[in-house]
Amino acid sequence: MPDLSINFAGIKSPNPFWLASAPPTNSGYQVMKAFDAGWGGAVWKTLGIPVINVSSRYGAINYRDTRIAGFNNIELITDRPLADNLKEIEEVKKYFPDHAVIASLMVETREQWIQIIKDVENAGADGIELNFGCPHGMCERGMGSAVGQEPSVLKTIVEWVMDAANIPVITKLTPNISDITDPGLAAVQGGTDAISLINTIKSIVGIDLDSYAPYPVVDGKGTNGGYCGPAVKPIAMHMLRELAQHQKIKDTPISGIGGIENWRDVVEFILLGASSVQVCTAAMHYGFGIVREMETGLIKFMNDKGYDTIYDFVGKALPNVTEWKHLNLKHKVVAEINADKCIGCQLCYIACDDGAHQAIRITEGTRVPEIIDENCVGCNLCSLVCPVEECITMDKRDDGKQHVTWAERTDAGTIPTTFNDDLAGGKGHFVPSVKDALKHRKS
Amino acid sequence: MGGEIPRPIFYFSKLKSKPLAEYKKPTSEQEYLENFAQKKPLMNPTEAYYESSRCLFCYDAPCMNACPTGIDIPLFIKQINTGNVEGAAKTIFDSNWLGNACGKVCPTGVLCEGACVYNHQDVPPLQIGRLQNFATEEVIRKGSKLYEPGPANGRKVAIIGAGPAGIACACELRIMGYQVDIFEAKEKPSGLTVYGVAPYKITNEEVLDEMEYLQNMMGYDVHYNSPITTKKQLKSLERKYDAIFLGVGLGPTAALSLTGEKKDGVVGAVEFIEELRMEKHKVEVPKNVVVIGGGNTAMDAASESARMGAENVYLCYRRSKEDMGAYGFEYDLAVKSGVKGVFNVQPLAIMSRGKITGVKFIRTESKGGKLHYIEGSEYVIPCDMVIKATGQAKMGPFLSKIDGLELDNKNRIKVNLENYQTTHPQYFAGGDAVNGGAEVVNGAYEGKMAAKGIENWLNNR
Ligand SMILES: Cc1cc2nc3c(=O)[nH]c(=O)nc-3n(C[C@H](O)[C@H](O)[C@H](O)COP(=O)(O)OP(=O)(O)OC[C@H]3O[C@@H](n4cnc5c(N)ncnc54)[C@H](O)[C@@H]3O)c2cc1C
Ligand SMILES: Cc1cc2nc3c(=O)[nH]c(=O)nc-3n(C[C@H](O)[C@H](O)[C@H](O)COP(=O)(O)O)c2cc1C
Ligand code: SF4
Ligand code: SF4
Ligand code: SF4
């Protein structure tokens, strides 16, 4: 049985599964219930001067029969008095002394920071998370993402906090910025113990076609919200990778957040450099029980790979995430259809013909399409649209002996440099004649 | 690479019928409806949403190719999924004027649903028929006017028979601006859809609601209780109308020439079913019933007898089970309703003592494709009622009154399959009278094609 426990910048936790600061960590009742269900840590719903929330507060993207592929909220930080929260933190810590309780904080002045840090430390919090991420409401008042988008302000506040705090400090970043390493670096320079990311992405999740207002509609009006859930995972993973590969940031522990729902997501985040993960939407959608699937999946993965601790594979994918110019231009794959599995939907055919390289043919009398090897550029599109598991595979065709990258070709002076350059990668590649398009016309 | 896709494995939605032979004689309309619970009940919006989400939106979709009317199935399913239910209904009616009836009564397992690509990976196919109804039922219920008749073109067409073929022809002609008068022998429209199809496939109200919806929207005239029977009537139609469409279907159950066939208690399947559909629980079905035949109508009549509370229903067919013309799923349904199949038996005589007491059979066997009687194997299956489901007579005697109208060797009206014109140029025809007895969907298609044929012919005359 592998050891799932972590020591995250000094915050100890029996496993890397933490609840993100959000509605599931709004009260001691919820956090206790979560710990009981198997979560190792919880970042308390952001504390500060309590707010007043609106109703309704959420919107979602439903993709066909999938509910909440993306989730959008216009909620602010806690609307409960600080004293109530502190009392509950204390109680939870009594029941679960070995679990991690991290207090998320967002206040304005230096005095307020000093005061609230003292309060949560006295309540027994194991760490602090600075919420520089909330992209709606709070930022209009100069807090949340307003801080996270301004590296110099962020650095100053981190410095104030580091000065006052005796427990580890995590700085939570907003993704609403063009280069995530700017605030990342500012946090490190300010002395933060760790970083977490991402908070939600500014979004309009939909428009009501009767009231012409964005969702969630509040009495005929709406506002931008913060987007999260499965849809944001790729964006979160990319930002994680940028920090984890940055020379000056990579030694700072990172807690990964954004669209995590199952053990695969957890492993992927760890492989990209996270050493704890935080979850909000999935717990809001399915309840705390989902942690069982994450835990069993993670254990199986670690057993299969022979890992004893999480740290055995933190960042293991990073060396393989490189720049485009270092990819091997000699690598060649071609799509292959397994006729025994094919169900004849012909989605691959129309996808390739209309959206790729006209490399799939249909012969009268059969519904199983055929790849035209010479035309296939190995783009993958067909294998992605195919509804049958492992029916279209990408077959390796190069002998693996040759290796040339764009960077090397640039150095060697063999890259195309003029508009009609003979070195163009697609020069001479098959395209049907323009008029062939009309052959598909239905009479 | 390439190669043939294996034959689809047909999948049928879970039948909501009761387990074997549990039907009590219905004593009220409510009990009747319970015994004939709908095989394809209406979907609720949640069900339609999830089911429609599964459609792959296949290219050159096999389901669509398998539909005799070529409904753009992936399109209407996607329209349902995106909340454009009215658009979905329009997609359906654009190809098939009996879109609602077809969703319920089509043998979808051997048509669209049987062709759905999911079958090839043992995933249940899309429930296309039920999705279709989900869309069409809504516009029928709301009375949404999806179409308008075209501006009057001054031409008139008479239609004989308000069955699926006649109604489809009428709708299509109205779109093109024709004045249309339908002459119907019976008192209700839709032909065998209301008088013949098994009650667990579609209720009378469902059939007639669609008929009313179409007539209100398209504005053709139907003259009920108005059979066309004489040469004089035909001549008058020929004078008054630019063209005449024959959608007369097939005739009553054909005679068997058995001793005792004329006795009380011996009925034709088509007549039995018609009475059942009209009188419902009031129809008396005795304890023991013998059904003779091996086609879909025989399966229906046997199932229906069982559901009407008959204790013993024997489905007797002269050849083997495998030789039956009926769809396998229709036989399975009959067996599930409590029917016993008896194969390789040829009826010889209907036995009676005042009332009928049974049917005398002789056992048969096939030798080299030929059917032989096994000598001395005669025996009697006792019963109180015999249902003959041995095919419908053709409309030969009536059709012979039309000069120059040729029939083929099976007494089907000969038509040009390009435009459904008969050998008498003023007459067009479609449906069972032409195809010899197929499905509602075929009638709907042929009626529509004939309307286009009429337009073309009149334009180029
Ligand atoms: C027992 C049974 C069960 C069936 N079950 C199904 C099923 O489940 N699914 C399915 O798709 N199909 C089923 N069918 C087949 C389907 O009902 C027919 O294929 C379809 O109704 C044919 O349409 P039609 O318009 O050609 O003829 P019909 O439906 O027979 O309509 C012909 C109409 O013309 C009228 N008519 C005839 N002669 C004259 C005249 N001289 N003057 C005026 N009016 C006249 C008749 O009264 C009738 O209304 C079944 C058929 C039977 C017999
Ligand atoms: C309704 C809601 C409220 C949130 N409130 C906070 C908050 O108070 N403080 C904070 O740091 N993040 C807050 N977040 C952001 C989440 O902690 C998390 O960063 C984000 O949802 C991405 O994770 P996910 O994809 O697992 O949901 C909130 C998210 C949601 C959906
Ligand atoms: S990999 Fe791309 S180019 Fe090749 S067949 Fe598939 S879709 Fe076409
Ligand atoms: S997408 Fe897959 S299943 Fe569909 S036709 Fe292509 S290979 Fe066959
Ligand atoms: S074959 Fe099935 S999956 Fe494909 S379009 Fe038709 S219903 Fe949809």
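Keep in mind that this is a model prediction, so the values were computed, not measured. (Residues numbered from 1 in each chain as written. Chains lettered and ligands numbered in written order. Predicted model: local features only at pLDDT ≥ 70, side-chain atom pairs only at ≥ 80, totals over all residues. Heavy atoms only, no water.)

(A) Structural view of the domain arrangement of chain A. Segmenting chain A into domains produces domain 1 (6-320) and domain 2 (324-435). Computed over C-alpha atoms, the centres of domain 1 of chain A and domain 2 of chain A are 40 Å apart. (Domains from an automatic or database assignment.)

(B) Broad picture of the packing of helix α1 (residues 28-37) of chain A against helix α2 (residues 82-95) of chain A. Residue and element names in this part refer to chain A. Packing of α1 against α2 brings their axes to within 9 Å, and their N-to-C directions diverge by 20°. The angle between α1 and α2 places the two elements in the roughly parallel class. You can see that α1 and α2 cross each other, and the crossing is right-handed. Facing α1, whose interface residues are G28, V31, M32 and F35, α2 presents E88, V92 and Y95. Across the contact of α1 with α2, the residue classes tally to 5 nonpolar, 1 polar and 1 charged. (Axes fitted to C-alpha atoms, helices over the stretch in contact; angles between N-to-C directions. Helix = DSSP H or I, 4+ residues; strand = E, 2+ residues; numbered from the N terminus. Parallel < 35°, antiparallel > 145°, perpendicular 65-115°, else oblique. Left-handed = near helix turned anticlockwise from the far one by under 90°. Contact = heavy atoms within 4.5 Å. Nonpolar A, V, L, I, M, F, W, Y, C, P; charged D, E, K, R; others polar.)

(C) Here's a closer look at helix α10 (residues 291-305) of chain A. Residue and element names in this part refer to chain A. In a regular helix each residue adds 1.5 Å, so 15 residues correspond to 21 Å; α10 covers 21 Å between its end C-alpha atoms and thus fits that length. Those residues of α10 that sit buried are V291, M294, G297, L298, I299, F301 and M302. Contact partners of the buried residues in α10: β3 (17-19), α1, α8 (263-271) and β14 (274-279). Looking one or two residues past α10, G306 carries a phi angle of roughly 75°, positive in sign. (Expected span 1.5 Å × (residues − 1). Buried < 20%, exposed > 50% of the residue type's maximum accessible area, 1.4 Å probe, protein only.)

(D) Fine view of empty space enclosed by the protein. Residue and element names in this part refer to chain A. Enumeration over the complete set of coordinates arrives at 10 cavities of 30 Å³ or more. Approximately 460 Å³ is the volume found for the largest cavity. Forming the walls of the largest cavity are 41 residues, and the residues nearest its centre are S21, A22, N199, T200 and C280. Contributing elements (two or more residues each) for the lining of the largest cavity: β4 (41-47), β6 (66-73), β8 (127-131), β12 (225-228), β14 and α9 (281-286). Per-element tally for the lining of the largest cavity: the top contributor is α9, with 5 residues. (1 Å grid on protein atoms, 1.4 Å probe; cavity = no way out; pocket = protein on both sides within 12 Å on 5 of 7 lines; lining within 4 Å. Points joined across faces, edges and corners; volume = space filled by probe spheres on them.)

(E) Representation of the site of ligand 2. Residue and element names in this part refer to chain A. Around ligand 2, the surrounding shell holds 22 residues, and the nearest of these are S21, T46, K172, G259 and T281. One nitrogen or oxygen atom from the side chain of K172 is found 2.8 Å from an oxygen atom belonging to ligand 2. Here an oxygen atom of ligand 2 sits 3.4 Å away from a polar atom, N or O, in the side chain of N199. Out of a free accessible area of 610 Å², ligand 2 has 98% covered by protein chains. The site holding ligand 2 turns out to be the largest cavity. (Near = heavy atom within 4 Å. Polar contact = N/O pair within 3.5 Å; in protein donor to acceptor, adjacent residues only side chain to side chain. Areas by Shrake-Rupley, 256 points an atom, 1.4 Å probe, with all protein chains shown as cover. Sits in = over half its atoms within 2 Å of the grid points.)

(F) Here's a closer look at the pairing of strand β6 (residues 288-292) of chain B. All names here are of chain B. The buried fraction of β6 is high, at 5 of 5 residues. Side chains N288, V290 and I292 project from β6 onto one buried face, and the interleaved V289 and V291 project onto a second face that is buried too. Note: β6 against strand β7 (residues 312-317), 5 bridges, orientation parallel. Bridged to V291 within β7 is L315. Handedness of the β6-helix α14 (residues 296-307)-β7 crossover: right-handed. Examined bridge by bridge, β6 and strand β13 (residues 385-388) share 4 bridges and lie parallel to one another. Within the sheet, the bridge partner assigned to V289 lies in β13 and is M385. (Pairing = 2+ DSSP bridges. Right-handed = clockwise from strand over helix to strand, strands pointing away.)

(G) Inspection of the packing of aromatic side chains at higher detail. Using the criterion set out here, one finds 20 aromatic pairs over all chains in the structure. Here the aromatic cluster, defined as three or more aromatic residues joined through ring pairs, consists of W263, F301, Y307 and F313 of chain A. If you follow R363 of chain B out to its NZ or CZ, it ends over the ring of Y379 of chain B, 4.3 Å from the centre. Note that R461 of chain B overlies the ring of W457 of chain B, its terminal NZ or CZ placed 5.1 Å from the centroid. (Phe/Tyr/Trp six-rings, centres within 6.5 Å; stacked < 30°, edge-to-face > 60°. Lys NZ or Arg CZ within 6 Å of the ring centre and 35° of its normal.)

(H) Geometry of the domain arrangement of chain B. Residues and elements named next belong to chain B. Each assigned domain of chain B is listed here: domain 1 (13-35 + 253-388), domain 2 (45-142) and domain 3 (156-251 + 394-460). A C-alpha centroid distance of 31 Å is found between domain 1 and domain 3. Counting residues at the interface gives 16 residues for domain 1 and 18 residues for domain 3. Where domain 1 abuts domain 3, roughly 1,300 Å² becomes buried across the two surfaces, and 47% of that area is made up of carbon and sulfur atoms. By the criterion of area lost to domain 3, the three top residues of domain 1 are E274, R277 and M278, representing 46% of everything that side buries. At the junction of domain 1 and domain 3, the tally comes to 3 salt bridges. (Buried area = accessible area lost by both parts, 1.4 Å probe. Salt bridge = Lys/Arg side-chain N within 4 Å of Asp/Glu carboxyl O.)

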